[in-house]
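Fold and contact review
The lines below spell out each chain.
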Amino acid sequence: MEKESTFILIRDLEDPSTQGSGVLWGMLSNYVYGTLPPIALKGELFAALPADEQPVGTVGIDDKIALRGLKQKCLKVECPKEDLQVISENDAQLLLAVQSYNERCRMLSEKQDLLRWGVTENEGCQVLVWMDDLKKNVAAVVHYNGALPPYDGIMFGVEIVDPRFRNRGTTDGIFRCQRYFRCAPGAGIFVSLDKLTIPVKETDEHVKEESSQDDYTCIGDEVKPSGEDSGMESSGHSLMETELLQERART
């Protein structure tokens, strides 16, 4: 087991001590104590423990992995492999900043392009940022991406450029006495990746048909269409022939 392997939980992890206790005991427990919460929720992020801490020597244990929570460092569990999805370290850091566990899962399944964009050199990129107080997206520019203590994972610092909402931000690029970027006072905001949308820029592809060389007359380094004045008569005579014809016409 590689130490740096990272995973996301794709279904709630139940406490194994409550499993296999029988239907009657389960009904009694639910009636007396209520439904027991799972150990970890779908969308929780984990890192694999070192090989010497992996479970061994038990029947069926090869189907489980010993893990430690990326955010909750004290959370150590043994989880069935079928309940996990392997993710990259970069994706794990981007998702770690996302507060909603359901949104983490949705981004993995539906927003792979956004995750790939999140690890690129995206400073200066135009984006839309979701403003919770406005309940809408507004135009912005990315100025920073990286760590933002005490938050976990990768955060993004953006400047609102829509003139209608320039004063709806929360910063000028400073967070907790540390400057991360510069912008007008009240025009900046720090957000996680799920709050950003990348506008799709559609570019028209213009296909130009190449004209044959016969359609052009070359004059030195300049190329002109044959219909334009090139210093020759349109009859197709050479310059010398044209001069001879003009001389005969005078006589």
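Refer to the structure above for everything that follows.
The sections below set out a description of the structure shown in this document. (Residues numbered from 1 in each chain as written. Predicted model: local features only at pLDDT ≥ 70, side-chain atom pairs only at ≥ 80, totals over all residues. Heavy atoms only, no water.)

So, on to unusual backbone geometry. Along the chain, proline 149 connects to proline 150 via a cis peptide bond; the corresponding omega equals 10 degrees. Mapped onto the fold, proline 150 is located in the loop between β7 (136-146) and β8 (155-160). Notably, lysine 135 is not glycine yet its phi reads approximately 60 degrees, a positive angle. Among the structural elements, lysine 135 can be located in the loop between β6 (126-131) and β7. Here the phi dihedral of arginine 176 falls at roughly 50 degrees; this positive angle occurs in a residue that is not glycine. Topologically, arginine 176 is positioned in the loop between β9 (174-175) and β10 (178-179). Overall, the relative accessible area of 62% leaves arginine 176 in the exposed class. (Helix = DSSP H or I, 4+ residues; strand = E, 2+ residues; numbered from the N terminus. Buried < 20%, exposed > 50% of the residue type's maximum accessible area, 1.4 Å probe, protein only.)

What follows is about the pattern of salt bridges. Taken as a whole, this structure holds 11 salt bridges when the rule is applied. Between aspartate 133 and arginine 168 there is a salt bridge; the shortest N-O distance is 3.1 Å. Taken together, the positions of aspartate 133 in the loop between β6 and β7 and arginine 168 in the loop between β8 and β9 put the pair 35 residues apart, joining distant regions of the chain. For arginine 168, a relative accessible area of 34% puts it in the partly exposed group. Across the salt bridge formed by arginine 166 and glutamate 159, the nearest N and O atoms sit 2.8 Å from each other. Take arginine 166: its relative accessible area is 29%, and that puts it in the partly exposed class. Taking the relative accessible area as the measure of exposure, glutamate 159 reaches 13% and is therefore buried. (Salt bridge = Lys/Arg side-chain N within 4 Å of Asp/Glu carboxyl O.)

Read from one edge of the open sheet, five strands run β4-β3-β2-β1-β5, paired in antiparallel fashion. Looking at strand neighbours, the two that pair on one side only are β4 (76-80) and β5 (84-87), the edges of this open sheet. Here the strands of the sheet are splayed against their neighbours by 45 degrees on average, with no regard to which way each runs. In terms of strand pairing, strand β3 (residues 64-69) meets β4 through five bridges, oriented antiparallel. Bridging from a neighbouring strand, isoleucine 65 pairs with cysteine 79 of β4. Across the sheet, helix α2 (residues 89-96) lies against β1 (6-9), β2 (45-48) and β5, angled at about 110 degrees from β5, the strand it touches most. (Pairing = 2+ DSSP bridges. Axes fitted to C-alpha atoms, helices over the stretch in contact; angles between N-to-C directions. Contact = heavy atoms within 4.5 Å.)

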